[in-house]
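Examining the three-dimensional arrangement
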Amino acid sequence: MTLRPAQDVRQFTVKADDDGIRLDRWFKRHMPDTSFNTVSRWARTGQLRVDGARAKPGDHVSEGQVIRVPPAEAAKPEKPGRPKRERIKLSDEQIDFARSLVIHRDDAALVLNKPPGLATQGGTKTTEHVDGLLDALQFEAEGRPKLVHRLDKDTSGALLVARTARAAAAFSKNFSSRTARKVYWALVVGVPSIEDGIIDLPIGKQPGTGGEKMQVDEKEGQPSRSRYRVIGRAGNRAAWVELQPFTGRTHQLRVHMAAIGFPIVGDGKYGGPEAFLTGGISRKMHLHARRIRVDHPDGDKIDVRAALPHHFAESLATLGFEEAEGDALQLDDGPAPLTKEQQKANARAHAKTVRKERRGERGRRGEGGGDKPAPRSGGKPSTRKPPAARPGGKPAARKPAPRGARPGPRAGSDKPRTPRSR
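Residues numbered from 1 in each chain as written. Predicted model: local features only at pLDDT ≥ 70, side-chain atom pairs only at ≥ 80, totals over all residues. Heavy atoms only, no water.

Some remarks on the overall build of the protein
Of regular secondary structure, the protein possesses nine helices and 17 strands. Out of the 422 residues belonging to the protein, those deemed buried represent 40%. Taking contacts inside the protein between residues at least 6 apart in sequence as the whole, the part at least 24 apart equals 65%. With the model as given, the accessible surface of the protein reaches about 24400 Å², and the carbon-plus-sulfur share is 49%. (Helix = DSSP H or I, 4+ residues; strand = E, 2+ residues; numbered from the N terminus. Buried < 20%, exposed > 50% of the residue type's maximum accessible area, 1.4 Å probe, protein only. Contact = heavy atoms within 4.5 Å. Areas by Shrake-Rupley, 256 points an atom, 1.4 Å probe, with all protein chains shown as cover.)

As structure tokens, then:
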């Protein structure tokens, strides 16, 4: 970095670690005392330039470019009552605990196995979190590690952390472009009739909850897609499923599974009282980020599996499942994310279907039609199998086909097997 005298303009050369970041982020890293308003004013007045051309705070910079910054301004006195926040020094126990979570480490990344009950970031009344432990994970690197995605507090499993600014930018790009692959394991109440399905239901914030709870929102929700595959079943009581989110909405997997009638075991927030099983099954959340696969900034891939927490492993054993069955499923690339044009086309098609159904209902009412409900537009033959017979000849009760779920692509795996009784 080359710095000229304070009375003159200043010029900085973008380094490799800052390649691809926004200009306002560059200022936050290297000139934290310069406010965003000041940077915006410099941009408006043409004083802020990159390689001689006028620049805006939202522009991205590349390695080797030269950033021209106006002369330093006199520092304004800090307002009273706003002391700078100091990082809390970690105890030896906290340092040991943080380092015990590391299951992968290289020059660019760390992968942690986050335990259930530990938040990823702080918030109101949340003082213990992964972000607060990152000072213990600097090791020999120059800077503090950086979070690039999150897991819910009660969700366990693989959490990726970048060790450099360059790696953080690369990983963030992987997540935003949906090329990073995340595989979750979950126990759900009931057994889906479609064994390999795509859930395509928009998700939005539930009003009146302050954004703490989400819901399926057909009108204003954001497009959200998840895939599930049944690994094994415990009668009609519960199923062990693999979940893959193809979008990154808050609580997406939990909302989607509850919406189609198969809430995740232990998820009372979205499944209510029905989300808990008896017979010695833990009441904790049974959702675990089993595997993460992401492109490494230096080529190749990071592909890591995280061991199950004790309560989840114990529940699998109680229900007669073998962990090897889940790992045997092939990881494919899944469906490509919908483009904006495809999303608009889907919305138009959905609106057209709703109008047709309404016209059909009015027509049937006018004809004095019978009691049969209107057929669903675009319906496909049911993929459900006939219910198994119970002792005494009565058929077993089966849940209806999941709302919003459709058969998913086969992944080269055999049909899930029923676990052996123990």
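Once the structure has been displayed, the description carries forward.
A look at empty space enclosed by the protein
Tallied over the full model, the rule gives two cavities of 30 Å³ or more. When its volume is computed, the largest cavity comes out at roughly 90 Å³. The wall of the largest cavity is formed by 13 residues, among which V183, E242, R291, G326 and L329 lie closest to the centre. Of all the secondary structure elements, the ones that give two or more residues to the lining of the largest cavity are β9 (181-189), β14 (238-245), β15 (287-295) and α8 (323-327). Residue classes in the lining of the largest cavity are distributed as four nonpolar, three polar and six charged. (1 Å grid on protein atoms, 1.4 Å probe; cavity = no way out; pocket = protein on both sides within 12 Å on 5 of 7 lines; lining within 4 Å. Points joined across faces, edges and corners; volume = space filled by probe spheres on them. Nonpolar A, V, L, I, M, F, W, Y, C, P; charged D, E, K, R; others polar.)

Digging into the pairing of strand β5 (residues 102-105)
Alignment of β5 against strand β6 (residues 109-114), held across three bridges, turns out to be antiparallel. For R105, the partnering residue across the bridge sits in β6 and is L110. Where β5 folds back on β6, the antiparallel hairpin that results is connected by three residues. (Pairing = 2+ DSSP bridges.)

Regarding the confidence of the model for the protein
Per-residue pLDDT for the protein averages 82, and the proportion of residues at 70 or more is 74%. This stretch, residues 1-6, has a pLDDT under 50; its non-local contacts, to residues over four places away or in other chains, come to 13 contacts. Predicted confidence for residues 411-422 stays below pLDDT 50, and this span has 30 contacts to residues more than four positions away or in other chains. (pLDDT = per-residue confidence, 0-100.)

Here's the deal with the sheet that holds strand β1 (residues 10-13)
Taken in spatial order, the four strands make up an open sheet running β1-β4-β2-β3, and their pairing is antiparallel. Unpaired on one side and paired on the other, β1 and β3 (53-54) mark the two borders of the sheet. Two strands pair when backbone bridges link them, and strand β2 (residues 49-50) and β3 are joined in this way by two bridges, in the antiparallel orientation. Its bridge partner being in β3, V50 is matched across the sheet by A53.

Looking at the packing of aromatic side chains
Enumeration over the complete set of coordinates arrives at five aromatic pairs. Chaining the aromatic ring pairs together yields one cluster made of F12, W26, F27 and W42. The lysine or arginine in question, R105, covers the ring of F139, its NZ or CZ lying 3.8 Å from the ring centre. If you follow R283 out to its NZ or CZ, it ends over the ring of F276, 4.0 Å from the centre. (Phe/Tyr/Trp six-rings, centres within 6.5 Å; stacked < 30°, edge-to-face > 60°. Lys NZ or Arg CZ within 6 Å of the ring centre and 35° of its normal.)

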